[in-house]
Amino acid sequence: MAQPLIFHDDRLFPADPTTRGIARELYALVEKLPIISPHGHTDPSWFSTNAPFEDACDLLLAPDHYLYRMLYSQGIALKDLRVPSKEGVPNTDPRKAWKLFASNFHLFRATPSWLWLNYVFSKVFGFQVRLSAETADKYFDEINAQLATDAFRPRALFDRFNIELLATTEGPHESLNHHHAIRDSGWKGRVVTAYRPDAVVDFEDERFGDAMQRFAEVSGHDVYSWAGYLEAHRSRRADFIAAGATSTDHGHPTAATADLSAAESEALFQSLLKGDVTPEKAELFRAQMLTEMAKMSLDDGLVMQIHPGSTRNHNRQLFEAYGRDKGADIPAKTEYVQALRPLLGKLGNDPRLSIILFTLDETTYSRELAPLAGHYPTLKLGPSWWFHDSPEGMMRFREQVTETAGLYNTVGFNDDTRAFLSIPARHDVARRVDSAFLARMVAEHRMDLNEAAETVVDLAYNLPKQAYKLDQPLTATPAAA
Amino acid sequence: MAQPLIFHDDRLFPADPTTRGIARELYALVEKLPIISPHGHTDPSWFSTNAPFEDACDLLLAPDHYLYRMLYSQGIALKDLRVPSKEGVPNTDPRKAWKLFASNFHLFRATPSWLWLNYVFSKVFGFQVRLSAETADKYFDEINAQLATDAFRPRALFDRFNIELLATTEGPHESLNHHHAIRDSGWKGRVVTAYRPDAVVDFEDERFGDAMQRFAEVSGHDVYSWAGYLEAHRSRRADFIAAGATSTDHGHPTAATADLSAAESEALFQSLLKGDVTPEKAELFRAQMLTEMAKMSLDDGLVMQIHPGSTRNHNRQLFEAYGRDKGADIPAKTEYVQALRPLLGKLGNDPRLSIILFTLDETTYSRELAPLAGHYPTLKLGPSWWFHDSPEGMMRFREQVTETAGLYNTVGFNDDTRAFLSIPARHDVARRVDSAFLARMVAEHRMDLNEAAETVVDLAYNLPKQAYKLDQPLTATPAAA
Amino acid sequence: MAQPLIFHDDRLFPADPTTRGIARELYALVEKLPIISPHGHTDPSWFSTNAPFEDACDLLLAPDHYLYRMLYSQGIALKDLRVPSKEGVPNTDPRKAWKLFASNFHLFRATPSWLWLNYVFSKVFGFQVRLSAETADKYFDEINAQLATDAFRPRALFDRFNIELLATTEGPHESLNHHHAIRDSGWKGRVVTAYRPDAVVDFEDERFGDAMQRFAEVSGHDVYSWAGYLEAHRSRRADFIAAGATSTDHGHPTAATADLSAAESEALFQSLLKGDVTPEKAELFRAQMLTEMAKMSLDDGLVMQIHPGSTRNHNRQLFEAYGRDKGADIPAKTEYVQALRPLLGKLGNDPRLSIILFTLDETTYSRELAPLAGHYPTLKLGPSWWFHDSPEGMMRFREQVTETAGLYNTVGFNDDTRAFLSIPARHDVARRVDSAFLARMVAEHRMDLNEAAETVVDLAYNLPKQAYKLDQPLTATPAAA
């Protein structure tokens, strides 16, 4: 028999009645605050074209690596879930793919996907029974019917979700046409971009060659000379700022930074361009580019986000058949204290610079990140990320970071998602976990209730606005000659 | 005055009344389920001979490294505890050794030994006062008296403990006579073996030379040629399967795997046999052998267990006087993401292969193991192990693994023990901690009660049976020529 | 409006009523026990001269790196807080500095500074309103007024704080004049020293050259010959023992130890003295010196404390302007298992030796430190340290260490502070967290209440006295010729 879908108002609050009471009180202060989403991966074309979304399978299942990763780990083939391979979208029946997913929904118990999906099913689509093999068809049909209505078009959902700002991510080699179209459309939704130069910075990235060609075309600079390459970055950063960007984002394998001379940098760049690419040289170039980006930030004010520590495409066979971003990126040990020293030794005390650090290696929270952020004025800590964007992960972040870095060296929540429908669900989890954490502090008399009330609003709303400079729009600096 | 021994029915359940109520409800579903013990180190001769156990000291104290390790750390000499040295069992009076232990029982407060021993004292022997200096003699006499009765012979306890299956561990160089004798005896208890080839795989193991000789004798193959060596493994794996084995076990210093060509492997093997043993070459050989074992598993279906990360025999002086396994094995940092890449790149997506990973390095739970097991169909995670086979250790495992790997990429509990009397105690701890974890999920509305009810049974009973293929007995493949 | 300063009697106790009730009961047993402070950094001249303390700013703010570190991380200049640079104390108005701090007191929410400071404000100075911009002047004036009274002189506070023993830290190159003066004064307060030789052991320390010169002068030995250098250590250790020392302290970058021959040690020492200082050689010398110190401890009985893992002076620009100890020391990954093997292989089973290990790398608690301390009779674990001297940090220490090392391989609490007024606050936090931890053990029926009652007193009082040999004053051994 189908189980009722009850999505309890007290979810994620500690069971102890005193603590739960305080958590409720704190959460009530933030539940309805607008969503600030300063880091994510939604598709700007959704908002420029405002076309209706596809069906349940192609919107909710096939693009969500949290879902097909887990199903794959239990022996389910990706093609049976309609996950596109290098040869394109498989011709699996979407309804069958959806049913396969529904029949295995028990795999997501006690995972964040369970919370996100049930929020979407309950709050966005209004279901009142649980997803299961039995209810799979009903779900598939009802979701598709709702997606076809105007109320489920991207802009309508953006408004319904009470999103004040949404950042997407684009590369220096990509056009910002959709962002321009959004602005030109007269629609009031604030959708901005962020500057993510990895594809033209990482000589080991399989996209590098193509991306550099397009970087040259779109920037109009000679990106194959060191001076022209830097100039192209400056010029594109200015373009991005004009499209609302307030931040850059750097997804490197490690947190390594370097402080080479201009001559050394140029020689390294030219040697790599000539094809002499070793792991060490590629790493050194990425390291130097973090410092170059930081120097540009002194001038144009873009906040730097550093996301290190993912071992990309770990599963060779899968990468060959399906390409990148297929749930096979595995975290690696990450070191920050020595890695950041070259950059911080040069610019770590400069009030013009602001760097937000992320990690996939939780061991660095109390050992490295909190002590660094609790000292350097240029450093702040991004929220728990990716595998750790989950109730337990968020709680560990607060428990391990707060006593050394405080709450005010953190920057609120990032949803970091391409799953647009889950954005309110994810922010809701963050607000609830922060309420639960602060409620415990109050219940244990480690903070006053009035302090917690002020702080919970700061974490949900004020800190992300400040940290990402969303209240002080940057002025695009024209690229110097 | 002697303290009463009260072993509370709510032990290990959270104090919050709501959560405790749910935990009780869940635990009631698994409390009496049969015990599946797919990985352990009991002595098969106990079950083939069914001879009565020795006295309290030699059964419970002298062989339990959890106990004498702690006592030794507080300055108590091993000989005073009747721990055998290389020169044999010391002639310490067992009653005195027992009393020394009893007088220091406070050292075990808040450790799992306290839970295990008090369970054994209370539930197996029926004591109603705590062990202490004062009650030491009473304990010694009563335990010995009970051990002399038929109700305390190994097979009677096996039945009383409701053990459905018990696996022991043997090496390729060891006979399976006791297992054969158990089968031939007509007794219905299911005691199986597991294939642990470390002694003939690790050139750095002090047992290597002797073990190879016996491997040659017992297998009838030329184990000093590469082809013969592999053939001997295949043949012995078949023998083990015939004796009920469904798994292999690999206790390596690291998780390193390799993917050498046959020629490279052979050259490496021959060079090592000639005595050119360096740490690097011994490591590479162990790494290659994991891949060789995986390839054999494709054919014969044995599930692989990998137990890396113990620095064996850390205390040089103690090793010289007492030999191995004397409580001086210390965990080391363990890396999985790069280490497993050669094996997983070759076989990680093959549905015939199943690998269960263990760790002594808890930092890998959320960073490496959960992401790997949450993606690769060949990987599952063994329970928290050895130093982490404890209430806090088990809870950290669930908290750090579940959100990424889910509950269904884990395999239930392993007791991993040679302390036969503690087996029900250990499974009881695991069932209680899982009930407590799931109860919190329900109390925080992160899982429905009916989902938790299904899951708690899966964790206690169904998952170990599935993961270790205990419902689908393997057919011994004859060794190919 | 000013908020009331309520410092609740139940602070730091879990909210669950059952657990809180037990925690209260346990805490009542230790609340008023005398303070044993065997490791800290107060200034012995306070107690020899008994002069009144300076004003609020120069006593409480400017020397407390926990405070100005956090304020600096949020962009506040150190000079505005009257933190002395290499050029001396800035001429900032102390009242203004205090007000700046008060206006940013929200930064300390949920940090240990909040707990420590509010304890000092409430219990030591008797304030009944919270510190804030609004109350900053009131605080400044009242604190200054109280500091000027006799009741706030160092010796009076020492008595009021119920300190039974307080250890300071001095180097071999420093005089013990203040300690001699305290003894000669007839005052009964027990203030002892501890032997910290880092400045004359670490060739990479910027103080090394000067410290060696003073070491030669104060010891009267030829510290530039290997034999004379060792002799000088022996002789100064005897001086320290005469001034009450029972321990040494070693603050090395890593836990590396070595076991070189005398000839190798001498050659290394001479080569370093000649200026051939490489990181590897400096590290090897520090490593060897830990073993030399351990050998001396066999003779004179001093307990060794090893505090590894701090990357000193990470912020280059700040170090150049302000010098060492300015909140820019950042923890590093620390390895113990291989690092300690040379020392433990030589002396790890010697009953005359006692070593207390500390860490800034919490990942070593369950993986390395608990297994080592749970085996070696020479090893004990110091409390959670520095960044981890906090409620969450202490709780993680207990949760991750206890199940393997037990409670009796730990040594009670160290306040490790130069902030004299915060000493009772810090011990109070430790006693409350231990009460809370043990209360959970009792509430979950993992320990009996009478066991917990005995243990909580041991942790607060008996273990530090035993571990630091405070009940068995050492006899100063005359330095051998």
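Quick caveat, the model's predicted, so the values are computed rather than measured.

Quick word on the overall build of chain A
Next, step 1: Regarding its fold elements, chain A presents 19 helices and nine strands.
Next, step 2: Computed over C-alpha atoms, the radius of gyration of chain A comes to 23 Å, within 12% of the 23 Å expected from 2.2 N^0.38 for 481 residues, which places it in the range of a compact globule.
Next, step 3: Viewed in the frame of its principal axes, chain A has a C-alpha envelope of about 70 × 60 × 45 Å.
Next, step 4: Partitioning the contacts of chain A with sequence separation of at least 6, the portion at a separation of at least 24 is 78%.

Quick notes on the relation of the copies chain B and chain A
For the pair of chain copies, the relating operation is a rotation around an axis with a shift along it.
Next, step 1: Superposing chain B onto chain A takes a rotation of 120° plus a shift of 0.0 Å along the axis, which leaves an RMSD of 0.0 Å. The transformation just described matches what one would write down for a three-fold rotation axis. When each C-alpha of chain B is compared by its distance to the rotation axis, D16 of chain B comes out closest, at 3.5 Å.
Next, step 2: In this assembly, only 5% of the residues forming the interface of chain B have copies in chain A that are likewise at the interface, indicating a heterologous arrangement.

As for the nonpolar core
Next, step 1: Formed by 436 residues in total, the largest nonpolar core has its most connected members in L81 of chain A, L81 of chain B together with L81 of chain C.
Next, step 2: With near-sequence residues (within four places) excluded, L81 of chain A lies in contact with L61, A62, Y68, L71, I76, A97, L100 and F101 of chain A.

Regarding the interface of chain B and chain A
Next, step 1: Contacts between chain B and chain A engage 39 residues on the former and 43 residues on the latter.
Next, step 2: Those elements that place two or more of their residues in the side of chain B that touches chain A are helix 1 (17–30), helix 15 (341–347), helix 16 (364–373), helix 17 (391–405), helix 18 (423–443) and helix 19 (449–467) of chain B.
Next, step 3: Among the elements that line the side of chain B that touches chain A, the one with the most residues is helix 16 of chain B, at six residues.
Next, step 4: Of the residues in the side of chain B that touches chain A, the class split is 13 nonpolar, 16 polar and 10 charged.

Focus: the sheet that holds strand 8 (residues 355–357) of chain A
Residues and elements named next belong to chain A.
Next, step 1: Here we have four strands laid out as an open sheet, ordered 4-5-8-9, and parallel in their pairing. Single-partner strands in this sheet number two, and they are strand 4 (247–250) and strand 9 (379–381). On average, each strand axis in the sheet is tilted by 25° relative to the strand beside it, whichever way the strands run.
Next, step 2: When strand 4 meets strand 5 (residues 303–306), the two strands line up parallel, connected through four bridges. Bridging from a neighbouring strand, S247 pairs with V303 of strand 5.

Considerations on the relation of the copies chain A and chain C
Next, step 1: In screw terms, the move from chain A to chain C is a rotation of 120° and a rise of 0.0 Å along the axis, fitting with an RMSD of 0.0 Å.
Next, step 2: Mapped onto chain C, only 5% of the interface residues of chain A are again interface residues, and the two copies thus contact each other with different surfaces.

Some remarks on the environment of S384 of chain C
All names here are of chain C.
Next, step 1: Here S384 lies in the loop between strand 9 (379–381) and helix 17 (391–405).
Next, step 2: What makes S384 buried here is the crowd of 29 C-beta atoms within 10 Å.
Next, step 3: Once the C-alpha coordinates of S384 and T359 are considered, the two residues, 25 residues apart in sequence, prove to be 7.3 Å apart.
Next, step 4: The contact partners of S384, leaving out residues within four places of it in the chain, are D389, G393, M394 and F397.

Regarding helix 7 (residues 136–147) of chain C
Residues and elements named next belong to chain C.
Next, step 1: When the terminal C-alpha atoms of helix 7 are compared, their 16 Å separation across 12 residues agrees well with the 16 Å that a helix rising 1.5 Å per residue should span.
Next, step 2: Considered for burial, the residues of helix 7 that qualify are A136, Y139, F140 and I143. Projected onto a plane normal to the axis of helix 7, the buried residues spread over an arc of 100° and lie on a single side.
Next, step 3: Where helix 7 is buried, its residues meet helix 3 (56–61) and helix 5 (94–103).

A closer look at unusual backbone geometry
It is generally the case that most residues other than glycine have a negative phi and that most peptide bonds are trans.
Next, step 1: Backbone geometry places D325 of chain A, a non-glycine residue, at a positive phi of 60°.
Next, step 2: When you line up the elements, D325 of chain A lands in the loop between helix 14 (316–322) and strand 7 (330–331).
Next, step 3: Even without being glycine, L12 of chain B reaches a positive phi, approximately 75°.
Next, step 4: Counting through the fold element by element, L12 of chain B comes out in the segment before helix 1.
Next, step 5: A residue is classified by how many C-beta atoms lie within 10 Å of it, and L12 of chain B, with 22 of them, is buried.

Here we look at the interface of chain A and chain C
Next, step 1: Chain A puts 39 residues into the contact, and the matching count from chain C is 43 residues.
Next, step 2: For the side of chain A that touches chain C, the secondary-structure elements that each account for two or more residues are helix 1 (17–30), helix 15 (341–347), helix 16 (364–373), helix 17 (391–405), helix 18 (423–443) and helix 19 (449–467) of chain A.
Next, step 3: If one sorts the elements of the side of chain A that touches chain C by residue count, helix 16 of chain A sits on top with six residues.
Next, step 4: Of the residues contributing to the side of chain A that touches chain C, the split by class is 13 nonpolar, 16 polar and 10 charged.

Considering the packing of helix 18 of chain A against helix 19 of chain A
Residues and elements named next belong to chain A.
Next, step 1: As a packed pair, helix 18 and helix 19 sit with axes 10 Å apart at the nearest point and diverge in direction by 160°. Classed by the angle they form, the pair helix 18 and helix 19 counts as roughly antiparallel. As helix 18 packs across helix 19, the resulting crossing turns out to be right-handed. Packed against helix 18, whose contacting residues are R431, D434, S435, L438, M441 and V442, the element helix 19 presents L449, A452, T455, V456, L459 and A460 at the interface.
Next, step 2: For the contact of helix 18 with helix 19, a count of residues per class yields eight nonpolar, two polar and two charged.

Let's talk about the domain arrangement of chain A
All names here are of chain A.
Next, step 1: Along its sequence, chain A is organised into domain 1 (54–150) and domain 2 (155–467).
Next, step 2: On a C-alpha basis, the centres of domain 1 and domain 2 stand 29 Å from each other.
Next, step 3: Contact residues are listed per partner, giving 17 residues for domain 1 and 18 residues for domain 2.
Next, step 4: Looking at the side of domain 1 that touches domain 2, the element that brings in the most residues is helix 6 (residues 112–124), giving six residues.
Next, step 5: Considered class by class, the residues forming the side of domain 1 that touches domain 2 number 11 nonpolar, two polar and four charged.

So, the sheet that holds strand 1 (residues 35–37) of chain C
All names here are of chain C.
Next, step 1: Pairing is parallel in the open sheet, where three strands are placed in the order 1-2-3. Every other strand in the sheet has two partners, leaving strand 1 and strand 3 (191–192) as the edge strands with one partner each.
Next, step 2: Examined bridge by bridge, strand 2 (residues 163–167) and strand 3 share two bridges and lie parallel to one another. From the neighbouring strand, A167 faces strand 3, where its bridge partner is V192.

Structural notes on helix 13 (residues 279–300) of chain C
At 3.6 residues per turn, the α-helix brings residues three or four places apart onto the same side.
Residue and element names in this part refer to chain C.
Next, step 1: Along its 22 residues, helix 13 runs 31 Å from first to last C-alpha, staying within 8% of the 32 Å computed at 1.5 Å per residue.
Next, step 2: All buried positions along helix 13 are accounted for by F285, R286, A287, Q288, M289, L290, E292, M293, A294, M296, S297 and D300.
Next, step 3: On the buried face of helix 13, the contacting elements are helix 11 (226–242), strand 4 (247–250), helix 12 (262–273), strand 5 (303–306) and helix 15 (341–347).
Next, step 4: Once helix 13 ends, the next one or two residues include G301, with phi positive near 85°.

As for the environment of F105 of chain A
All names here are of chain A.
Next, step 1: The topology assignment puts F105 in the loop between helix 5 (94–103) and helix 6.
Next, step 2: Residue F105 is classed as buried on the basis of its 21 C-beta neighbours within 10 Å.
Next, step 3: Residues F105 and K138 lie 33 residues apart in sequence; the distance between their C-alpha atoms is 15 Å.
Next, step 4: Look past the residues within four positions of F105 in its chain and what remains in contact with it is L131 and S132.

Describing the packing of helix 1 of chain A against helix 19 of chain A
Residue and element names in this part refer to chain A.
Next, step 1: Interaxial distance between helix 1 and helix 19 falls to 9 Å at its minimum, and their mutual angle equals 45°. One way to sum up the angle between helix 1 and helix 19 is to call them oblique. Viewed along their axes, helix 1 and helix 19 form a crossing whose handedness is right-handed. Facing I22, L26, L29 and V30 of helix 1, the residues of helix 19 in contact are L449, A452, A453, V456, V457 and A460.
Next, step 2: Considering only residue class, the contact of helix 1 with helix 19 consists of 10 nonpolar, no polar and no charged.

A few points about the confidence of the model for chain A
Residues and elements named next belong to chain A.
Next, step 1: Within chain A, residue pLDDT values average 96, and 98% of them lie at 70 or more.
Next, step 2: In this model, residues 476–481 is a region of pLDDT below 50 whose contacts with residues beyond four sequence positions or in other chains number 12 contacts.
Next, step 3: The complex model carries a pTM of 0.97, and its ipTM stands at 0.96.

As for the environment of F127 of chain A
Residue and element names in this part refer to chain A.
Next, step 1: Here F127 shows up in the loop between helix 6 and helix 7 (136–147).
Next, step 2: For the pair F127 and L5, spaced 122 residues apart in sequence, the C-alpha separation works out to 7.1 Å.
Next, step 3: Other than its neighbours up to four places away in sequence, F127 contacts L5, F121, S122 and Y139.

About the criteria used
Along each chain, numbering runs from 1 in the same order as the chain's sequence is written. As a convention, the first chain written is A and the first ligand written is 1, with the rest following in written order. It should be noted that, the model being predicted, local features are given only for residues of pLDDT at least 70 and side-chain atom pairs only at 80 or more, the latter also being counted only at that level, while totals for whole chains, interfaces and linings use all residues. Where helices and strands are cited, they refer to DSSP runs of H or I of at least four residues and of E of at least two residues respectively, numbered from the N terminus. Taken over C-alpha atoms, the radius of gyration is set against a globule rule of 2.2 Å times the number of residues to the power 0.38. Here the contact rule is simple: place C-beta atoms from the backbone, and any two residues whose C-beta atoms are within 7 Å are in contact. Least squares is used to superpose the copies, and the fit set is the C-alpha atoms of residues whose pLDDT is at least 70 in both copies. Here, a nonpolar core denotes buried Ala, Val, Leu, Ile, Met, Phe, Trp, Tyr and Cys residues that are linked to one another through C-beta atoms within 7 Å. Buried residues are those with 20 or more other C-beta atoms within 10 Å of their own C-beta, exposed residues have 12 or fewer, and partly exposed residues lie in between; C-beta atoms are placed from the backbone. The classification used treats Ala, Val, Leu, Ile, Met, Phe, Trp, Tyr, Cys and Pro as nonpolar, Asp, Glu, Lys and Arg as charged, and all other residues, Gly among them, as polar. Strands are treated as partners if at least two bridges between them are detected by DSSP. Helix axes are fitted to C-alpha atoms over the stretch in contact, other axes to C-alpha atoms as well, and angles between N-to-C directions run from 0 to 180 degrees. How far a helix is expected to stretch is found by multiplying one less than its residue total by 1.5 Å. Note: the arc covers the axis-to-C-beta directions of the helix. When an angle is under 35 degrees it counts as roughly parallel; over 145 it counts as roughly antiparallel; between 65 and 115 it counts as roughly perpendicular; any other value is oblique. Take the far helix as the reference: if the near one is turned anticlockwise from it by less than a right angle, the crossing is left-handed, and if turned clockwise, right-handed. What fixes the domain bounds is an automatic or database domain assignment. Per-residue confidence from the prediction method is given by pLDDT, with values spanning 0 to 100.

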